[in-house]
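Below are the chains, spelled out letter by letter.
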Amino acid sequence: MTIEVMQEKPALPRLPKHERYAGIITAVAIVILLQIASMVAPHYIAPPPADILSSLWNKLLPLYGDMLLTLGRLALALGCAMLVGTGLGLVMGMFPTARPYVRSVVVIDTGIPALSWMLIAVFWFRMPELRIFFILLVIVIPFYALGVADAIRAMPKDLLEMCESFRPNRWQVLRYLIFPHVLPYIFATTRSVIGYATRMIIFAELIAATAGIGAQMGLAQANFDIATILAWTILLVGLNIVLQQLVTWVEQYMLSYRQAIEVR
Amino acid sequence: MQTALMKTAMVQTDLPAIQLQQVGVTFGDVVAIQNLSFAVERGEIVSFLGRTGAGKSTALNLIMGNLAPTRGEVRVMGIDPKAEFQQLRRVIAVGFQTDRLMPWRTALENVELGLQILHEEKTATRKKATEWLARVGLERAANLYPHELSGGMRQRVSLARALAIDPEILLLDECFSQLDHVTSQVLRADISRLIRELRKTCLFVTHRIDDAIEMADRILVFGAPAKLLLEHHPTEADRNDPAAFKVLHDLIAEKLGIVE
Ligand SMILES: Nc1ncnc2c1ncn2[C@@H]1O[C@H](COP(=O)(O)OP(=O)(O)O)[C@@H](O)[C@H]1O
Ligand SMILES: [Mg+2]
């Protein structure tokens, strides 16, 4: 009994050539526009690109400690939000009686403006680290909770029935079926939330902390240093792209079985 | 531990592997099973034949313990499969109509699932799963994911997954019916040979009369809502003599209301 095995895997999709360069062309266009603006407007409104570049090199680079701090805060808070949010999502997905209550809490939470949380956090917590952590946690948790709850709702009943035919306990169902099924949704949530979380942490640092990128931007603003603010902005745009790419790489590595499916 | 003790206790008793007594199942107004009684002896291969909607899958769900009967009693090795769900660990395995493979697991890892659920040791699990993949002719596909396999190969993996836990009872619900005719025939021949070699108790649902005559020790023909229309023990003559085969085939077809 021998059977022919299909070995070839479909290739991953790649952007066509003209699209791959679009980003670079757009960036160059922005630099040219900035240069033109700096020639017609005063420099405290539109600094020339050379000034921004010099700020980036001379003022931002020495502040790598603040950058690492922001990144560390982001990683810690995102990681905790992922755990707590996934937990809530599992509760919503697995315990039908608890679902409406947890869902209500999550829906109310999503409706609360980020700014309210930031101001509340300043009142509630004295330590800046705790404030930032809290703010990010309450903002990001609902995304994970809802993402995971939806994932469980989308779980094929066929697979559950098959799994149950071996008479597993609850923990085994979670481990062998629900968790692997939910994992891609957790990645998708992370991919879509990481940019938002980065913007929010900068905002939170501006309001609630004395160190970190947001606090440094507040300082530059107090000094009327627009070149430095724009330099930070460029850095953050770059950071966002890098973080997205990072998540995508981890995702592709951990969910390699899906690569071929997605192409279809 | 508990399962092992229980199993020895059960083997000593002379209860049939599966027993339904005056079972009725209704879903709201729909009567899925009217009044069904039958027993399957240990080591017997029984085929359920019936048209779509006759209640065959519902009967299997009763035996799996996914469903409690509205009336009557269901016993598997003397145990109520729904009320004492965990007690039948390792006793029952199921092959479904579709392969139901986990897309994130390779063929080999899919075969390992049942063994993992039964807490078998890691190296033993890998060894058994590898053996079973080879037995269904897929040793070279061990590391491929389900989407890289053909429909027939996927169904082989799913049957290997069921057989790997060495169950006493194998339930098969139309598990060849989604495959093309040739694939299904080859697979059916392989699986029925395996079941006979291993002397498993097997209850398989099908709507193909040929399947039933060729594989089963006994055929139960169902009419909706799940009542027995005919019970027959196919003989070697039924299987090998084309004329006898045709007579039996036509008798069953007539009972099923299929005019050919
Ligand atoms: N969960 C359910 N809820 C309501 N009706 C059901 C359910 N399961 C099966 N039925 C009905 O019971 C009857 C028997 O179905 P089924 O056992 O699936 O038949 P078969 O497997 O023989 O095709 C059908 O009329 C079907 O619509
Ligand atoms: Mg059916």
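All residue numbers refer to positions counted from 1 along the written sequence of the respective chain. Ligands are numbered from 1 and chains lettered from A, in the order in which they are written. At least 70 in pLDDT is required for a residue's local features to be given in this predicted model, at least 80 for side-chain atom pairs to be given and counted, and no such filter applies to totals for whole chains, interfaces and linings, which use all residues. Only hydrogens and water are removed before side-chain values are computed, so all heavy atoms of the structure are retained for them.

Visitor: Any chance you could explain helix 11 (residues 226-254) of chain A here in plain terms?
Guide: Working note: α-helix, 3.6 residues per turn, so residues spaced by three or four point in the same direction. Residues and elements named next belong to chain A. The helix count covers DSSP runs of H or I at least four residues long, the strand count covers runs of E at least two residues long, and both are numbered beginning at the N terminus. Here, expected helix span is obtained from the residue count minus one, scaled by 1.5 Å. Between its first and last C-alpha atoms helix 11 spans 42 Å; for 29 residues at 1.5 Å apiece the expected length is 42 Å, and the two agree. Each residue's exposure class comes from its accessible area (1.4 Å probe, protein chains only) as a fraction of the maximum for that residue type: buried when under 20%, exposed when over 50%, partly exposed otherwise. For helix 11, every residue scored as buried is listed here: Ala227, Thr228, Ala231, Trp232, Leu236, Leu239, Leu243, Val247 and Glu251. Elements that come into contact with the buried residues of helix 11 comprise helix 3 (49-60), helix 4 (64-94), helix 9 (170-208) and helix 10 (213-222). Should any heavy atoms of two residues lie within 4.5 Å, those residues are considered in contact.

Visitor: What's the story with the pattern of salt bridges in this structure? I'm lost.
Guide: Between side chains of opposite charge, a pair can form as their charged atoms come close. All names here are of chain B. The salt bridge definition used is simple: a Lys or Arg side-chain nitrogen within 4 Å of an Asp or Glu carboxyl oxygen. Applying the stated criterion across every chain yields a total of 27 salt bridges over all chains. A salt bridge links Glu120 to Lys128; its shortest N-O distance comes to 2.8 Å. Between Arg196 and Asp217 there is a salt bridge, with the nearest N and O atoms lying 3.2 Å from each other. Of this pair, Arg196 sits in helix 6 (residues 181-198) while Asp217 sits in the loop between helix 7 (209-215) and strand 8 (218-223), and the two are 21 residues apart along the sequence. Residue classification places Asp217 among the partly exposed residues on the basis of a relative accessible area of 23%.

Visitor: I keep staring at the environment of Ser116 of chain A and nothing clicks. Help me out?
Guide: Residues and elements named next belong to chain A. On the secondary structure map, Ser116 appears in helix 6 (residues 114-124). For Ser116, a relative accessible area of 27% gives the class partly exposed. Separated by 75 residues in sequence, Ser116 and Arg191 place their C-alpha atoms 25 Å apart.

Visitor: Whenever I open this one, the interface of chain B and chain A confuses me. Can you help?
Guide: How big an interface is tends to be expressed through the accessible area that disappears when the partners come together. Counting residues at the interface gives 43 residues for chain B, matched by 27 residues for chain A. Interface area, chain B with chain A, both sides summed: about 3200 Å², of which 62% is carbon and sulfur. Counting the surface chain B buries against chain A, the share from its top three residues, Arg100, Trp104 and His147 of chain B, is 23%. The tally of links between chain B and chain A comes to two salt bridges. For Glu161 of chain A, the salt bridge identified is with Arg100 of chain B, shortest N-O distance 3.1 Å. Residues adjacent in sequence count toward polar contacts only when both atoms are side-chain atoms; beyond that, a polar contact is any pair of N or O atoms within 3.5 Å, and within protein one must be able to donate a hydrogen and the other to accept it. Remark: the boundary between chain B and chain A carries 10 residue pairs in polar contact (both at pLDDT 80 or more). Broken down by secondary-structure element, the contributors of at least two residues to the side of chain B that touches chain A are helix 2 (56-64), strand 5 (92-95), helix 3 (107-117), helix 5 (151-164) and helix 6 of chain B. Among the residues forming the side of chain B that touches chain A, the class breakdown is 23 nonpolar, 10 polar and 10 charged. As a working definition, buried area equals the accessible area (1.4 Å probe) given up by two parts on being put together, with both sides summed. Polar here means any residue other than Ala, Val, Leu, Ile, Met, Phe, Trp, Tyr, Cys and Pro, which are nonpolar, and Asp, Glu, Lys and Arg, which are charged; Gly is therefore polar.

Visitor: Before we go on, may I ask you to explain the sheet that holds strand 8 of chain B in this structure?
Guide: Two orientations exist for strands paired in a sheet by backbone hydrogen bonds: parallel and antiparallel. All names here are of chain B. Pairing between strands requires that DSSP locate at least two bridges from one strand to the other. The sheet built from six strands is open, its strands ordered 5-6-7-3-8-9 with mixed pairing. Since the sheet does not close on itself, it has two edges, and those belong to strand 5 and strand 9 (227-232), each with one partner. On average, each strand axis in the sheet is tilted by 20° relative to the strand beside it, whichever way the strands run. Pairing between strand 6 (residues 169-173) and strand 7 (residues 201-206): five bridges, direction parallel. When the sheet's bridge partners are listed, Ile169 is paired in strand 7 with Thr201. The strands that helix 6 touches are strand 3 (45-50), strand 6 and strand 7; relative to strand 6, the one it contacts most, it runs at about 160°. To get an axis, fit a line to the C-alpha atoms, keeping to the stretch in contact for a helix; angles then go from 0 to 180 degrees between the N-to-C directions.

Visitor: Can you walk me through the pairing of strand 9 of chain B in this structure?
Guide: A regular strand places its side chains on the two faces of the sheet in alternate fashion. All names here are of chain B. Relative to strand 9, strand 8 runs antiparallel, the two being bridged by five bridges. Its bridge partner lying in strand 9, Ile219 is registered against His232. Taken together, strand 8 and the strand that follows it, strand 9, pair antiparallel across an intervening segment of three residues, in which Ala226 is found at a positive phi of about 40°.

Visitor: Looking at this structure, I do not really get a nonpolar patch on the surface. What am I missing?
Guide: Patch membership is restricted to residues that have no salt bridge and whose relative accessible area is over 30%. Joining uses 9 Å for like charges and 5 Å for the nonpolar side chains Val, Leu, Ile, Met, Phe, Trp and Tyr. Under the convention used here, a 1.4 Å probe and the Shrake-Rupley method define accessible areas, while residue burial counts only the protein chains that appear. On the surface, a nonpolar cluster with roughly 960 Å² of combined accessible area is contributed by Tyr21, Ile24, Ile25, Val28, Ile32, Leu33, Ile36, Met39 and Val40 of chain A. Mapping Ile25 of chain A onto the fold places it in helix 2 (residues 22-40).

Visitor: Help me out: how do you make sense of the packing of aromatic side chains in this one?
Guide: Aromatic ring pairs: the centre-centre distance and the angle between the two ring planes describe each pair. Under the pairing criterion, centres of Phe, Tyr and Trp rings, with the six-membered ring standing for Trp, must be within 6.5 Å; the plane angle then separates stacked pairs below 30 degrees from edge-to-face pairs above 60, leaving the rest tilted. For the structure on display, the rule yields six aromatic pairs over all chains. Each ring, one from Phe38 of chain B and one from Phe48 of chain B, has its centre 5.2 Å from the other, and the planes form 80°; the classification is edge-to-face. Within this pair, whereas Phe38 of chain B is found in strand 2 (residues 30-40), its partner Phe48 of chain B is found in strand 3, the two being separated by 10 residues in sequence. Phe38 of chain B sits in the buried class, given a relative accessible area of 7%. Ring-pair connections join several aromatic residues into one group, and the members of that group are Trp117, Trp124, Phe125 and Phe134 of chain A. The ring of Phe96 of chain B is capped by Arg100 of chain B, whose NZ or CZ atom sits 4.0 Å from the centre of that ring. Should the NZ of a Lys or the CZ of an Arg lie within 6 Å of a ring centre and within 35 degrees of the ring normal, that charge is described as sitting over the ring. The cationic tip of Arg135 of chain B hangs over the ring face of Trp132 of chain B; the distance from NZ or CZ to the ring centre is 4.6 Å.

Visitor: Is there a simple way to explain the site of ligand 1 in this structure?
Guide: Residues and elements named next belong to chain B. We call a residue near a molecule or strand as soon as one heavy atom of that residue lies within 4 Å of the molecule or strand. Every residue lining ligand 1 is accounted for by Phe27, Val30, Ala32, Arg51, Thr52, Gly53, Ala54, Gly55, Lys56, Ser57 and Thr58. Those elements that provide at least two residues to the shell around ligand 1 are strand 2 and helix 2. Broken down by element, the shell around ligand 1 gets its largest block of residues, three residues, from helix 2. Split into classes, the residues belonging to the shell around ligand 1 amount to four nonpolar, five polar and two charged.

Visitor: Whenever I open this one, the packing of helix 5 of chain B against helix 6 of chain B confuses me. Can you help?
Guide: Angle between the axes and distance between the axes are the two parameters that describe a pair of packed helices. Residue and element names in this part refer to chain B. Running from N to C, helix 5 and helix 6 point in directions that differ by 15°, and their axes come no closer than 11 Å. The angle between helix 5 and helix 6 falls in the class roughly parallel. Of the two elements, helix 5 crosses helix 6, and the hand of that crossing is right-handed. Within the contact between the two elements, helix 5 uses Gly152, Gln155, Arg156, Leu159 and Leu163 and helix 6 uses Thr183, Val186, Leu187, Asp190, Ile191, Leu194 and Leu198. Of the residues that constitute the contact of helix 5 with helix 6, the class distribution is seven nonpolar, three polar and two charged. In this scheme, roughly parallel covers angles under 35 degrees and roughly antiparallel covers those over 145, while 65 to 115 is roughly perpendicular and the rest are oblique. Working rule for handedness: look at the near helix, and if it is turned counterclockwise from the far one by less than a right angle, call the crossing left-handed; if clockwise, right-handed.

Visitor: Can you walk me through unusual backbone geometry in this structure?
Guide: Where the residue is not glycine, phi is negative for most of them; where a peptide bond is considered, it is trans in most cases. Notably, Phe224 of chain A is not glycine yet its phi reads approximately 50°, a positive angle. Structurally, Phe224 of chain A can be placed in the loop between helix 10 and helix 11. The backbone of Glu174 of chain B sits at a positive phi, close to 45°, despite the residue not being glycine. Looking at the element boundaries, Glu174 of chain B is found in the loop between strand 6 and helix 6.

Visitor: Help me out: how do you make sense of the sheet that holds strand 1 (residues 18-27) of chain B in this one?
Guide: Residues and elements named next belong to chain B. Taken in spatial order, the three strands make up an open sheet running 2-1-4, and their pairing is antiparallel. Strand pairing shows two members of the sheet lacking a second neighbour, strand 2 and strand 4 (71-76), which therefore form its edges. Between one strand axis and the next, the sheet turns through 25° on average, direction left out of account. As paired elements, strand 1 and strand 4 share five bridges and run antiparallel to each other. From the neighbouring strand, Leu20 faces strand 4, where its bridge partner is Val74. Against the sheet, helix 2 contacts strand 1, strand 2 and strand 4, and its axis sits at roughly 120° relative to strand 1.

Everything listed is a geometric property; what it means functionally is a separate question.
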